[in-house]
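Summary of the model geometry
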Amino acid sequence: MRLLDVLLGRTRPVAPDLDRLFALPSAAVTLEAATGLTPAGSGAVCFATVEGAAFERIHREVRALLDADRDRTGPPVEPYRDGYGYSWLVSRRSPGQLPQLVADLHAVNSSLESAGFGPLLLCSLVSFTDGAELRAALVYLYKRGTFYPFAPLPGADERRDNALELRLKAVLGGDLPVEPDLGRWFPVWGAPGL
């Protein structure tokens, strides 16, 4: 940061570091030990909706890349549009394949970024469950390079379990760069797989 930036109170945006996604498998071990939450087997990449031939081409390339994985059952990437108008590319794996799921999310993000769609990337998430009704996600904010927990209340309509989110923050602080600004812990209502 330059002196003039400091004097004027300007900050430079954090560069996205997609390799931080690879910390999720070790964080999942910590999460399971502390809370009993285990990977649910689904993850997704969210971005501002894009139409057109260029995006369709990159979507086909991502599908072809992930389809080359012989361990996968089902479609490699499923497109989804939520009720808020955002687009998602969803990957599903067995719950024991978290490293492969993270590699899928990294490949989707990297492909969109290298095709020039980086400014449209919003977040990526991986879902966790306790095997009953408790659900949570670890959300990676693309533009901040940080994670935060999101835990919708079971059976509630768009209400969050704030106590669980803060507990997850405390548990994961040593494994992941957790977003310090709670105002940026945006709800991801309608996220697929959650």
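Residues numbered from 1 in each chain as written. Predicted model: local features only at pLDDT ≥ 70, side-chain atom pairs only at ≥ 80, totals over all residues. Heavy atoms only, no water.

Turning next to the layout of surface pockets. Considered as a void within the structure, the largest pocket measures approximately 380 Å³ in volume. Lining the largest pocket are 17 residues; nearest its centre among them are Tyr-86, Leu-122, Phe-186, Pro-187 and Val-188. Counted by class, the lining of the largest pocket contains 13 nonpolar, no polar and four charged residues. (1 Å grid on protein atoms, 1.4 Å probe; cavity = no way out; pocket = protein on both sides within 12 Å on 5 of 7 lines; lining within 4 Å. Points joined across faces, edges and corners; volume = space filled by probe spheres on them. Nonpolar A, V, L, I, M, F, W, Y, C, P; charged D, E, K, R; others polar.)

Looking at helix α5 (residues 162-172), one finds that the buried residues are Leu-164, Glu-165, Leu-168 and Leu-172. Around the axis of α5, the buried residues are gathered within 100 degrees of arc, so they sit on the same side. Across α5 from its buried face, at more than 90 degrees, point the exposed residues Ala-163 and Ala-170. Where the residues of α5 are buried, they touch α2 (24-35), β5 (135-141) and β6 (146-150). (Buried < 20%, exposed > 50% of the residue type's maximum accessible area, 1.4 Å probe, protein only. Helix = DSSP H or I, 4+ residues; strand = E, 2+ residues; numbered from the N terminus. Arc of directions from axis to C-beta. Contact = heavy atoms within 4.5 Å.)

Topologically, Ala-40 is positioned in strand β1 (residues 38-47). By relative accessible area, which is 34% here, Ala-40 ends up partly exposed. Distance from Ala-40 to Leu-194, taken between C-alpha atoms, is 8.7 Å for residues 154 residues apart in sequence.

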